[in-house]
Amino acid sequence: MTAHFNDAISTFQESSQALSGPLALGVDLLFAALANNGKILACGNGGSAADAQHFIAELVGRFERERLPLAGIALNTDTSILTAVGNDYGYEHVFERQVLALGQPGDVLVAISTSGNSVNVALSIEAAHERDMRVIALTGKGGGQFNDLLTPDDVHLCVPHDRTMRIQEVHILLLHALCDGIDALLLGDPA
Ligand SMILES: O=C(CO)[C@@H](O)[C@H](O)[C@H](O)[C@H](O)COP(=O)(O)O
Ligand SMILES: [Zn+2]
């Protein structure tokens, strides 16, 4: 069992080296959207669905410090939308349709997939581009098919590991770091 801790430690270290730069770009992208009355949409499947709603709860509620509520919607939480769109159009369209319904130019999509191969998340990226939104993608396993979808204006946080659980462990750190970065820009560095 100590192998899990050791592997996690080295994955966090490698991720810190690879992802600190793009993470700072992600903070700037989110802050710019929120400061211009834009909103953040987030989606993922399974553990990544939990991560998406966890992140959005910290925007709408709060992270560590008192501040104004920030505009965000998790696209994996409304069971009526998920079942209606899944039933009528197919599960691959459940996030795409919501991005097309809600997305406005200047909004940001946070697309979470450890493989970068979940089709419903991939289609949400294409829908975001159709709405002139930029994308922050959280992936692992080399980024999968998202590599072909993301543009130079997007931010790709690809965890350098091939196991889903390890990637998810870094993803939650990345999402918390994004929250912390937004708070620092809004409120200044903590005393
Ligand atoms: O949390 C886990 C495994 O740790 C699972 O629920 C996992 O999120 C699901 O298998 C997802 O469907 C995987 O999708 P993705 O990360 O490849 O987009
Ligand atoms: Zn998991």
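Residues numbered from 1 in each chain as written. Chains lettered and ligands numbered in written order. Predicted model: local features only at pLDDT ≥ 70, side-chain atom pairs only at ≥ 80, totals over all residues.

The next thing to look at is the overall build of the protein chain. Counting its regular elements, the protein chain contains seven helices and five strands. From first element to last, N terminus to C terminus, the protein chain shows the α and β order α-β-α-β-α-α-β-α-β-α-β-α. A principal-axis box enclosing the C-alpha atoms of the protein chain has dimensions of 45 × 35 × 30 Å. Counting every position in the protein chain, which comprises 191 residues, the buried fraction comes to 43%. (Helix = DSSP H or I, 4+ residues; strand = E, 2+ residues; numbered from the N terminus. Buried ≥ 20, exposed ≤ 12 C-beta atoms within 10 Å, placed from the backbone.)

A few words now on the nonpolar core. In terms of nonpolar packing, the biggest core is built from 52 residues, with Ala42, Leu109, Val110 and Ile125 touching the most fellow members. Top contributing element to this core by residue count: helix α7 (residues 164-187), with seven residues. With residues up to four places along the chain from it excluded, the contact list for Val110 reads Ile40, Ala42, Ala52, Phe55 and Ile136. (Core = buried A, V, L, I, M, F, W, Y, C linked by C-beta atoms within 7 Å. Contact = placed C-beta atoms within 7 Å.)

Under the feature "domain: SIS" (unreviewed entry), the UniProt entry names residues 30-191. With 49% helix and 14% strand, the stretch residues 30-191 has end C-alpha atoms that lie 23 Å from each other. (UniProt positions renumbered as here; feature names shortened; annotations may be inferred.)

Per the UniProt record, "binding site: substrate" (unreviewed entry) is annotated on Asn45, Gly46, Gly47, Glu58, Asn87, Asp88, Ser113, Thr114, Ser115, Ser118 and Gln168. Taken along the chain, the residues just named run across 124 residues; in space they spread out, the farthest C-alpha pair reaching 31.9 Å. On the secondary structure map, Asp88 appears in helix α3 (residues 79-89). On the basis of neighbour counts, which here come to 9 C-beta atoms within 10 Å, the residue Asp88 falls in the exposed class. Checked against the element boundaries, Ser113 lands in the loop between β3 (108-112) and α5 (119-130). The exposure class assigned to Ser113 is buried, which follows from the 30 C-beta atoms found within 10 Å. Every residue in contact with Ser113, bar those within four places of it in the chain, is listed here: Gly44, Ser48, Ser118, Val121, Thr139 and Phe146.

Of the two faces of strand β5 (residues 155-158), the one holding Val155 and Leu157 and the one holding His156 and Cys158 are both buried throughout. As paired elements, strand β4 (residues 134-139) and β5 share four bridges and run parallel to each other. Opposite Leu138, over in β5, you have Leu157 as the bridge partner. (Pairing = 2+ DSSP bridges.)

For the rest of this paragraph, the subject is the site of ligand 1. Every one of the 13 residues lining ligand 1 counts as a neighbour, but Gly46, Gly47, Ser113, Thr114 and Ser115 are closest to it. Among the elements of the structure, α2 (47-60) and α7 are those that each provide at least two residues to the shell around ligand 1. When grouped by side-chain class, the residues that make up the shell around ligand 1 number two nonpolar, eleven polar and no charged. (Near = placed C-beta within 6 Å. Nonpolar A, V, L, I, M, F, W, Y, C, P; charged D, E, K, R; others polar.)

Whenever strands of a sheet pair, they do so through backbone hydrogen bonds, lying parallel or antiparallel. Pairing within the open sheet is parallel, and its five strands lie in the order β2-β1-β3-β4-β5. On the outer flanks of this sheet lie β2 (72-74) and β5, each paired with one strand and no other. Here the strands of the sheet are splayed against their neighbours by 15° on average, with no regard to which way each runs. Across the face of the sheet, helix α1 (residues 2-35) comes into contact with β1 (40-43), β3, β4 and β5 while running at roughly 135° to β5. (Axes fitted to C-alpha atoms, helices over the stretch in contact; angles between N-to-C directions.)

Here the protein chain shows a mean pLDDT of 98. Residues at 70 or above account for 100%. With pTM at 0.98, the complex prediction returns an ipTM value of 0.99. (pLDDT = per-residue confidence, 0-100.)

Okay, the pairing of β4 next. Where burial is concerned, most of β4 is hidden: six out of the six residues are buried. Along β4, one buried face is formed by Arg134, Ile136 and Leu138 and the opposite face, lined by Val135, Ala137 and Thr139, is buried too. Examined bridge by bridge, β3 and β4 share five bridges and lie parallel to one another. Looking at the pairing, Ile112 lines up with Leu138 of β4. Considered for its hand, the β-α-β crossover made up of β3, α5 and β4 is right-handed. (Right-handed = clockwise from strand over helix to strand, strands pointing away.)

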